[in-house]
Amino acid sequence: MFIATLIAADRLSSGDISAAEDALAAAGTYLMGRSWVQEDKACDILFSSAPEPVRAALEGLVPGVDVVVQGESGRRKKLLVADMDSTMITVECIDELADYAGLKAEVAEVTERAMRGELPFEGALRERVALLKGLGADAIGRCHDERVRVTPGAKALVRTMRSAGAECLLVSGGFSQFASRVAAEIGFSRAISNELGVEDGKLSGDVVGPIVGAEAKRQALIDAAAAADIDLADTLAVGDGANDIAMIEAAGLGIAYHAKPKTAAAADACIRYCDLSGLLYAQGYARAEWEPV
(Lines give C-alpha, C1' and ligand atoms only; values in the text may rest on other atoms or scores of the structure.)
Protein backbone atom coordinates (compact mmCIF):
# COMPACT_ATOMS: atom_id res chain seq x y z
CA MET A 1 0.00 0.00 0.00
CA PHE A 2 1.23 3.50 -0.89
CA ILE A 3 0.17 7.02 0.07
CA ALA A 4 0.16 10.19 -2.00
CA THR A 5 -0.12 13.11 0.40
CA LEU A 6 -1.42 16.36 -1.06
CA ILE A 7 -0.21 19.32 1.00
CA ALA A 8 -1.46 22.83 0.27
CA ALA A 9 0.45 26.01 0.94
CA ASP A 10 -2.91 27.70 1.44
CA ARG A 11 -6.13 25.66 1.33
CA LEU A 12 -6.77 22.18 -0.06
CA SER A 13 -10.30 21.75 -1.37
CA SER A 14 -12.33 18.63 -2.03
CA GLY A 15 -12.22 19.63 -5.69
CA ASP A 16 -8.41 19.56 -5.61
CA ILE A 17 -8.48 16.04 -4.18
CA SER A 18 -11.05 14.90 -6.75
CA ALA A 19 -8.89 16.32 -9.55
CA ALA A 20 -5.96 14.28 -8.26
CA GLU A 21 -8.06 11.13 -7.99
CA ASP A 22 -9.39 11.64 -11.53
CA ALA A 23 -5.84 12.02 -12.86
CA LEU A 24 -4.75 8.84 -11.11
CA ALA A 25 -7.77 6.88 -12.30
CA ALA A 26 -7.08 8.00 -15.86
CA ALA A 27 -3.51 6.74 -15.45
CA GLY A 28 -4.78 3.32 -14.36
CA THR A 29 -3.98 3.69 -10.67
CA TYR A 30 -5.90 1.40 -8.31
CA LEU A 31 -7.29 3.77 -5.68
CA MET A 32 -8.00 2.60 -2.12
CA GLY A 33 -9.61 5.69 -0.64
CA ARG A 34 -8.73 9.06 0.88
CA SER A 35 -8.19 10.38 4.39
CA TRP A 36 -7.59 13.88 5.75
CA VAL A 37 -4.34 14.40 7.64
CA GLN A 38 -5.49 17.93 8.39
CA GLU A 39 -8.81 19.11 7.00
CA ASP A 40 -8.47 21.77 4.29
CA LYS A 41 -4.66 21.46 4.39
CA ALA A 42 -3.36 17.93 3.76
CA CYS A 43 -4.95 14.71 2.52
CA ASP A 44 -3.74 11.16 1.92
CA ILE A 45 -4.80 9.28 -1.20
CA LEU A 46 -4.21 5.56 -0.74
CA PHE A 47 -3.35 3.35 -3.71
CA SER A 48 -1.78 0.01 -4.53
CA SER A 49 -0.11 0.68 -7.88
CA ALA A 50 3.51 1.54 -8.68
CA PRO A 51 4.45 4.84 -6.98
CA GLU A 52 6.56 6.44 -9.74
CA PRO A 53 3.69 7.03 -12.22
CA VAL A 54 1.58 8.42 -9.39
CA ARG A 55 4.19 11.03 -8.52
CA ALA A 56 4.54 11.93 -12.20
CA ALA A 57 0.79 12.33 -12.56
CA LEU A 58 0.33 14.48 -9.46
CA GLU A 59 3.32 16.81 -9.28
CA GLY A 60 2.30 20.21 -10.60
CA LEU A 61 -1.28 19.12 -11.18
CA VAL A 62 -2.83 21.45 -8.59
CA PRO A 63 -1.26 24.91 -8.22
CA GLY A 64 0.16 25.57 -4.76
CA VAL A 65 -0.05 21.92 -3.72
CA ASP A 66 2.98 19.74 -2.94
CA VAL A 67 2.89 15.96 -3.30
CA VAL A 68 4.76 13.33 -1.29
CA VAL A 69 4.43 9.73 -2.47
CA GLN A 70 5.70 6.97 -0.18
CA GLY A 71 4.90 3.61 1.34
CA GLU A 72 2.18 3.53 3.98
CA SER A 73 4.38 1.56 6.38
CA GLY A 74 7.00 3.50 8.34
CA ARG A 75 5.96 6.97 7.22
CA ARG A 76 6.85 8.46 10.62
CA LYS A 77 10.62 8.65 10.47
CA LYS A 78 12.98 7.95 13.34
CA LEU A 79 15.89 10.11 12.15
CA LEU A 80 15.89 13.55 10.53
CA VAL A 81 19.07 14.88 8.94
CA ALA A 82 18.70 18.44 7.66
CA ASP A 83 20.72 21.01 5.80
CA MET A 84 20.93 24.48 7.34
CA ASP A 85 21.37 27.30 4.81
CA SER A 86 18.27 27.97 2.69
CA THR A 87 16.60 24.98 4.34
CA MET A 88 16.36 25.33 8.12
CA ILE A 89 17.16 29.03 7.84
CA THR A 90 16.11 31.41 5.09
CA VAL A 91 19.56 32.70 4.07
CA GLU A 92 23.00 31.54 2.98
CA CYS A 93 25.19 32.59 5.91
CA ILE A 94 28.36 33.02 3.88
CA ASP A 95 26.63 35.39 1.48
CA GLU A 96 25.29 37.49 4.33
CA LEU A 97 28.64 37.48 6.11
CA ALA A 98 30.32 38.60 2.90
CA ASP A 99 28.02 41.62 2.87
CA TYR A 100 29.85 42.90 5.95
CA ALA A 101 33.01 42.86 3.83
CA GLY A 102 31.29 44.50 0.86
CA LEU A 103 31.56 41.29 -1.19
CA LYS A 104 28.05 39.84 -1.15
CA ALA A 105 27.43 39.92 -4.91
CA GLU A 106 30.74 38.24 -5.71
CA VAL A 107 30.36 35.55 -3.05
CA ALA A 108 26.66 34.93 -3.72
CA GLU A 109 27.37 34.24 -7.40
CA VAL A 110 29.81 31.46 -6.46
CA THR A 111 27.38 30.12 -3.84
CA GLU A 112 24.57 29.91 -6.40
CA ARG A 113 26.75 28.05 -8.90
CA ALA A 114 27.99 25.62 -6.24
CA MET A 115 24.45 24.94 -5.00
CA ARG A 116 23.34 24.28 -8.57
CA GLY A 117 26.14 21.73 -8.94
CA GLU A 118 28.08 23.79 -11.47
CA LEU A 119 31.18 24.05 -9.25
CA PRO A 120 32.81 21.52 -6.88
CA PHE A 121 31.55 22.37 -3.41
CA GLU A 122 34.86 22.09 -1.55
CA GLY A 123 36.81 24.32 -3.91
CA ALA A 124 34.02 26.87 -4.09
CA LEU A 125 33.83 27.01 -0.28
CA ARG A 126 37.57 27.60 0.11
CA GLU A 127 37.43 30.29 -2.59
CA ARG A 128 34.62 32.17 -0.84
CA VAL A 129 36.14 31.87 2.64
CA ALA A 130 39.49 33.19 1.34
CA LEU A 131 37.71 36.36 0.22
CA LEU A 132 36.66 37.02 3.82
CA LYS A 133 40.23 37.11 5.15
CA GLY A 134 40.71 40.06 7.48
CA LEU A 135 37.03 40.58 8.28
CA GLY A 136 36.54 41.20 11.99
CA ALA A 137 35.27 38.06 13.75
CA ASP A 138 32.68 40.17 15.55
CA ALA A 139 30.84 40.36 12.22
CA ILE A 140 29.78 36.72 12.72
CA GLY A 141 27.65 37.50 15.75
CA ARG A 142 26.21 40.62 14.16
CA CYS A 143 25.40 38.69 10.99
CA HIS A 144 23.59 36.02 12.96
CA ASP A 145 21.57 38.52 14.95
CA GLU A 146 20.72 40.77 12.02
CA ARG A 147 20.33 38.35 9.11
CA VAL A 148 19.69 34.75 10.20
CA ARG A 149 16.02 33.80 10.39
CA VAL A 150 14.59 30.35 11.03
CA THR A 151 12.49 28.96 8.20
CA PRO A 152 8.76 28.74 9.01
CA GLY A 153 7.84 25.24 10.13
CA ALA A 154 11.39 24.28 11.14
CA LYS A 155 10.83 24.42 14.89
CA ALA A 156 7.53 22.52 14.69
CA LEU A 157 9.13 19.84 12.50
CA VAL A 158 12.15 19.20 14.70
CA ARG A 159 10.45 19.52 18.07
CA THR A 160 7.52 17.32 17.07
CA MET A 161 9.77 14.61 15.68
CA ARG A 162 11.99 14.68 18.76
CA SER A 163 8.95 14.53 21.03
CA ALA A 164 7.91 11.40 19.13
CA GLY A 165 11.33 9.85 19.82
CA ALA A 166 13.18 10.68 16.61
CA GLU A 167 16.82 11.74 16.42
CA CYS A 168 17.35 15.12 14.71
CA LEU A 169 20.72 16.16 13.30
CA LEU A 170 21.68 19.42 11.59
CA VAL A 171 24.40 18.80 8.99
CA SER A 172 25.70 21.90 7.28
CA GLY A 173 28.28 22.85 4.70
CA GLY A 174 28.19 26.19 6.49
CA PHE A 175 29.92 27.12 9.69
CA SER A 176 29.79 26.07 13.32
CA GLN A 177 29.76 29.70 14.42
CA PHE A 178 26.23 29.81 12.98
CA ALA A 179 25.15 26.15 13.07
CA SER A 180 25.55 25.66 16.82
CA ARG A 181 23.24 28.58 17.56
CA VAL A 182 20.73 27.58 14.87
CA ALA A 183 20.63 23.99 16.10
CA ALA A 184 19.95 25.11 19.67
CA GLU A 185 17.27 27.58 18.64
CA ILE A 186 15.37 25.09 16.48
CA GLY A 187 15.80 22.11 18.81
CA PHE A 188 18.25 19.75 17.09
CA SER A 189 20.13 17.34 19.29
CA ARG A 190 23.43 18.32 17.67
CA ALA A 191 25.06 19.89 14.61
CA ILE A 192 27.89 18.94 12.27
CA SER A 193 29.43 21.73 10.21
CA ASN A 194 32.59 23.46 9.04
CA GLU A 195 34.55 25.96 11.12
CA LEU A 196 35.77 29.37 10.06
CA GLY A 197 39.38 30.03 10.99
CA VAL A 198 39.89 33.02 13.30
CA GLU A 199 43.24 34.58 14.20
CA ASP A 200 43.78 37.71 16.31
CA GLY A 201 40.10 38.57 16.19
CA LYS A 202 39.83 38.37 12.41
CA LEU A 203 38.85 35.71 9.89
CA SER A 204 41.97 33.92 8.65
CA GLY A 205 40.51 33.09 5.25
CA ASP A 206 40.72 29.37 5.96
CA VAL A 207 38.37 26.53 6.83
CA VAL A 208 39.60 24.61 9.88
CA GLY A 209 39.88 20.84 9.31
CA PRO A 210 38.24 18.63 6.68
CA ILE A 211 35.33 20.19 4.82
CA VAL A 212 31.81 18.96 5.46
CA GLY A 213 30.69 18.40 1.88
CA ALA A 214 28.32 16.04 0.10
CA GLU A 215 30.04 12.81 1.14
CA ALA A 216 30.40 13.95 4.76
CA LYS A 217 26.68 14.70 4.87
CA ARG A 218 25.81 11.29 3.49
CA GLN A 219 28.15 9.61 5.97
CA ALA A 220 26.68 11.62 8.85
CA LEU A 221 23.26 10.23 7.97
CA ILE A 222 24.56 6.66 7.80
CA ASP A 223 26.56 7.00 11.02
CA ALA A 224 23.69 8.57 12.96
CA ALA A 225 21.32 5.83 11.82
CA ALA A 226 23.79 3.11 12.78
CA ALA A 227 24.50 4.67 16.18
CA ALA A 228 20.79 4.71 17.02
CA ASP A 229 20.12 1.31 15.42
CA ILE A 230 17.76 2.91 12.89
CA ASP A 231 17.19 1.36 9.48
CA LEU A 232 17.91 3.76 6.62
CA ALA A 233 14.34 3.22 5.45
CA ASP A 234 13.26 5.03 8.63
CA THR A 235 15.31 8.16 7.90
CA LEU A 236 14.36 11.52 6.42
CA ALA A 237 16.82 13.92 4.80
CA VAL A 238 16.01 17.42 3.57
CA GLY A 239 18.09 19.98 1.73
CA ASP A 240 18.18 22.37 -1.21
CA GLY A 241 21.61 22.26 -2.83
CA ALA A 242 23.73 19.92 -4.92
CA ASN A 243 25.82 19.10 -1.85
CA ASP A 244 22.69 17.60 -0.29
CA ILE A 245 22.02 15.11 -3.10
CA ALA A 246 24.08 12.25 -1.64
CA MET A 247 22.29 12.31 1.71
CA ILE A 248 18.91 12.78 0.06
CA GLU A 249 19.52 9.70 -2.07
CA ALA A 250 20.70 7.67 0.93
CA ALA A 251 17.69 8.45 3.12
CA GLY A 252 14.51 6.44 3.25
CA LEU A 253 12.65 9.60 2.29
CA GLY A 254 14.74 12.29 0.59
CA ILE A 255 13.13 15.71 0.30
CA ALA A 256 14.24 18.61 -1.88
CA TYR A 257 13.11 21.82 -0.18
CA HIS A 258 12.61 24.81 -2.51
CA ALA A 259 15.61 23.29 -4.18
CA LYS A 260 17.93 23.65 -7.14
CA PRO A 261 16.99 21.59 -10.22
CA LYS A 262 19.61 18.86 -9.79
CA THR A 263 18.60 18.37 -6.16
CA ALA A 264 14.91 18.24 -7.04
CA ALA A 265 15.59 15.62 -9.71
CA ALA A 266 17.40 13.38 -7.20
CA ALA A 267 14.78 13.57 -4.44
CA ASP A 268 11.89 11.27 -3.61
CA ALA A 269 9.65 14.33 -3.27
CA CYS A 270 9.87 18.10 -3.60
CA ILE A 271 8.45 20.78 -1.35
CA ARG A 272 8.03 23.74 -3.69
CA TYR A 273 5.13 25.66 -2.14
CA CYS A 274 4.77 24.77 1.54
CA ASP A 275 7.04 25.55 4.46
CA LEU A 276 8.80 22.86 6.50
CA SER A 277 5.62 21.94 8.36
CA GLY A 278 4.70 20.12 5.17
CA LEU A 279 7.09 17.37 6.27
CA LEU A 280 4.95 16.81 9.36
CA TYR A 281 1.84 16.37 7.23
CA ALA A 282 3.82 14.02 4.98
CA GLN A 283 4.53 11.87 8.04
CA GLY A 284 0.86 11.85 9.04
CA TYR A 285 1.06 14.35 11.91
CA ALA A 286 -2.13 16.39 12.28
CA ARG A 287 -1.67 19.88 13.69
CA ALA A 288 -3.05 18.82 17.08
CA GLU A 289 -0.03 16.49 17.41
CA TRP A 290 2.57 19.20 16.81
CA GLU A 291 4.76 20.44 19.62
CA PRO A 292 4.18 24.12 20.46
CA VAL A 293 6.85 26.57 19.31
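Residues numbered from 1 in each chain as written. Predicted model: local features only at pLDDT ≥ 70, side-chain atom pairs only at ≥ 80, totals over all residues. Heavy atoms only, no water.

Chemist: What's the story with the nonpolar core in this structure? I'm lost.
Modeler: In this structure, Leu80, Met88, Leu97, Phe178, Phe188 and Val238 are the most contacted members of the largest nonpolar core, which totals 63 residues. For phenylalanine 188, the contacting residues outside a window of four places in its chain are Leu80, Ala82, Met88, Val158, Arg162, Cys168, Leu169, Leu170 and Ala183. Within the second largest apolar cluster, 16 residues are counted, among which are Ala20, Leu24, Val65 and Val67. (Core = buried A, V, L, I, M, F, W, Y, C linked by side-chain atoms within 4.5 Å. Buried < 20%, exposed > 50% of the residue type's maximum accessible area, 1.4 Å probe, protein only. Contact = heavy atoms within 4.5 Å.)

Chemist: Would you mind showing me how to read a nonpolar patch on the surface here?
Modeler: A cluster of nonpolar side chains, namely Met1, Tyr30 and Met32, defines an oily patch on the protein surface of about 320 Å² accessible area. Note on placement: methionine 32 falls in strand 2 (residues 31-38). (Patch = residues over 30% accessible without salt bridge, like charges linked within 9 Å, V, L, I, M, F, W, Y side chains within 5 Å. Areas by Shrake-Rupley, 256 points an atom, 1.4 Å probe, with all protein chains shown as cover. Salt bridge = Lys/Arg side-chain N within 4 Å of Asp/Glu carboxyl O. Helix = DSSP H or I, 4+ residues; strand = E, 2+ residues; numbered from the N terminus.)

Chemist: Whenever I open this one, the state of the cysteines confuses me. Can you help?
Modeler: Covalently bonding the sulfur atom of one cysteine to the sulfur atom of another cysteine gives a disulfide. Scanning all chains against the criterion turns up zero disulfides. A disulfide-free cysteine, cysteine 43 has its sulfur positioned 14 Å from the sulfur of cysteine 274, the nearest such atom. Cysteine 93 takes part in no disulfide bond, and the closest cysteine sulfur to it belongs to cysteine 143, at a distance of 6.0 Å. (Disulfide = S-S within 2.5 Å.)

Chemist: What am I meant to see in the pattern of salt bridges here?
Modeler: It is possible for side chains bearing opposite charge to pair when their charged atoms get close. Tallying each qualifying case throughout the model produces 18 salt bridges. Where glutamate 289 meets arginine 76, a salt bridge forms, and the shortest distance between an N and an O atom there is 3.0 Å. In this pair, glutamate 289 sits in the segment after helix 13 (278-282) while arginine 76 sits in the loop between strand 4 (65-71) and strand 5 (79-82), placing the two residues 213 residues apart along the sequence. The exposure class assigned to glutamate 289 is partly exposed, which follows from its relative accessible area of 38%. The salt bridge partner of lysine 217 is aspartate 244, with a shortest N-O separation of 2.5 Å. Of this pair, lysine 217 sits in helix 10 (residues 214-227) while aspartate 244 sits in the loop between strand 9 (235-239) and helix 11 (245-250), placing them 27 residues apart in sequence.

Chemist: Any chance you could explain the pairing of strand 10 (residues 253-257) here in plain terms?
Modeler: For a regular strand, side chains alternate in direction, first toward one face of the sheet and then toward the other. Most of strand 10 sits inside the fold, with five of its five residues counted as buried. Of the two faces of strand 10, both are covered, the one formed by Leu253, Ile255 and Tyr257 as well as the one formed by Gly254 and Ala256. Here strand 9 runs beside strand 10; their pairing, made up of four bridges, is parallel. The residue bridging alanine 237 from the neighbouring strand is glycine 254, located in strand 10. In this region the chain leaves strand 9, passes through helix 11 and returns to the parallel neighbour strand 10; the handedness of that crossover is right-handed. Handedness of the β-α-β unit built from strand 10, helix 12 (residues 261-266) and strand 11 (residues 269-271) comes out right-handed. (Pairing = 2+ DSSP bridges. Right-handed = clockwise from strand over helix to strand, strands pointing away.)

Chemist: What should I look at first to understand the layout of surface pockets in this one?
Modeler: The calculated volume of the largest pocket comes to roughly 320 Å³. If you go around the largest pocket, you meet 16 residues; those closest to its centre are Val69, Gln70, Gly71, Gly252 and Asp268. Breaking the lining of the largest pocket down by element, the ones donating at least two residues are helix 2 (51-58) and strand 4. In terms of residue class, the lining of the largest pocket is made up of six nonpolar, five polar and five charged. (1 Å grid on protein atoms, 1.4 Å probe; cavity = no way out; pocket = protein on both sides within 12 Å on 5 of 7 lines; lining within 4 Å. Points joined across faces, edges and corners; volume = space filled by probe spheres on them. Nonpolar A, V, L, I, M, F, W, Y, C, P; charged D, E, K, R; others polar.)

Chemist: Just checking my understanding: could you explain the packing of helix 7 (residues 138-147) against helix 9 (residues 176-186) for this structure?
Modeler: Two measures define how a pair of helices packs: the angle their axes make with one another and the distance between the axes. It is at 10 Å that the axes of helix 7 and helix 9 come closest, and there the two elements cross at 40 degrees. Between helix 7 and helix 9, the crossing angle belongs to the class labelled oblique. The two elements helix 7 and helix 9 cross, and the hand of that crossing is right-handed. Residues Ile140, Gly141, Cys143, His144 and Asp145 of helix 7 lie in contact with helix 9, whose contacting residues are Gln177, Phe178, Arg181 and Val182. Classifying every residue of the contact of helix 7 with helix 9 gives four nonpolar, three polar and two charged. (Axes fitted to C-alpha atoms, helices over the stretch in contact; angles between N-to-C directions. Parallel < 35°, antiparallel > 145°, perpendicular 65-115°, else oblique. Left-handed = near helix turned anticlockwise from the far one by under 90°.)

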